[in-house]
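# Fold and geometry: a report
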Amino acid sequence: ALGADAQLTHFGCMLSFPGSATQPWHSDGPHIRSGGDSRFVAPCHAINIFVPLVDMTHALGPTEFVPGSHFDFDKKAHSRTPTIKAGSALLFDYRLKHRGLGNSSSEERPLLYITYARPFFVDVFNFDQKRYSSLPAVTQHASREERLQKRQRLHS
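What follows deals with the nonpolar core. Ranked by size, the top nonpolar core spans six residues in total: F50, F65, F92, L96, L111 and Y113. Not counting residues up to four positions away in its chain, the partners in contact with L111 are G12, C13, M14, F50, V51 and P52. One finds L2, C44, I47 and I49 within the second-largest nonpolar core, a separate group that totals five residues.

Quick look at the structure:
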């Protein structure tokens, strides 16, 4: 769908902790319009790939999708919430309406995300310099054990 010249634009890991809340509905990027014609819908210009690192269950808070919303964000359709096995890949249009559901389990839910796009596309909404310019410097590196103890204290 993207062509042989598709480029890796970003990747990372989303971690949903036990007790996390459901996200608001969103898409990861806007529709690309042509000449101001609101009826025009461009072909797919970017895709997300989600790869869960654990078997997804409803309790872990999988991602909920609205089919067809990549053409019309306000489309009324029954949502779908796939639960897939660890290491499986779920591909979807960058414009598709979705949300991560709350994690009601006692386990963390790690999910790799990978985004590919056509060469002209630059995501200025999610990964711009202004958005992350005010992040504090990391002054102290905690060990894995120290981070685990801190999380356990926060959830106690």
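What follows concerns a nonpolar patch on the surface. Taken together, the side chains of L8, F11 and Y116 define a hydrophobic patch exposed on the protein surface, amounting to about 310 Å² of accessible area. Owing to a relative accessible area of 45%, L8 belongs among the partly exposed residues under this scheme.

This part is about the environment of V66. Mapped onto the secondary structure, V66 falls in the loop between β3 (63-65) and β4 (90-93). Classification of V66 by relative accessible area gives buried; the value is 5%. Between the alpha carbons of V66 and L96 there is a distance of 7.0 Å; along the sequence they are 30 residues apart.

Definitions and cut-offs
- Residues numbered from 1 in each chain as written.
- Predicted model: local features only at pLDDT ≥ 70, side-chain atom pairs only at ≥ 80, totals over all residues.
- Heavy atoms only, no water.
- Core = buried A, V, L, I, M, F, W, Y, C linked by side-chain atoms within 4.5 Å.
- Buried < 20%, exposed > 50% of the residue type's maximum accessible area, 1.4 Å probe, protein only.
- Contact = heavy atoms within 4.5 Å.
- Patch = residues over 30% accessible without salt bridge, like charges linked within 9 Å, V, L, I, M, F, W, Y side chains within 5 Å.
- Areas by Shrake-Rupley, 256 points an atom, 1.4 Å probe, with all protein chains shown as cover.
- Salt bridge = Lys/Arg side-chain N within 4 Å of Asp/Glu carboxyl O.
- Helix = DSSP H or I, 4+ residues; strand = E, 2+ residues; numbered from the N terminus.

By themselves, these figures tell us nothing about what the structure is for.
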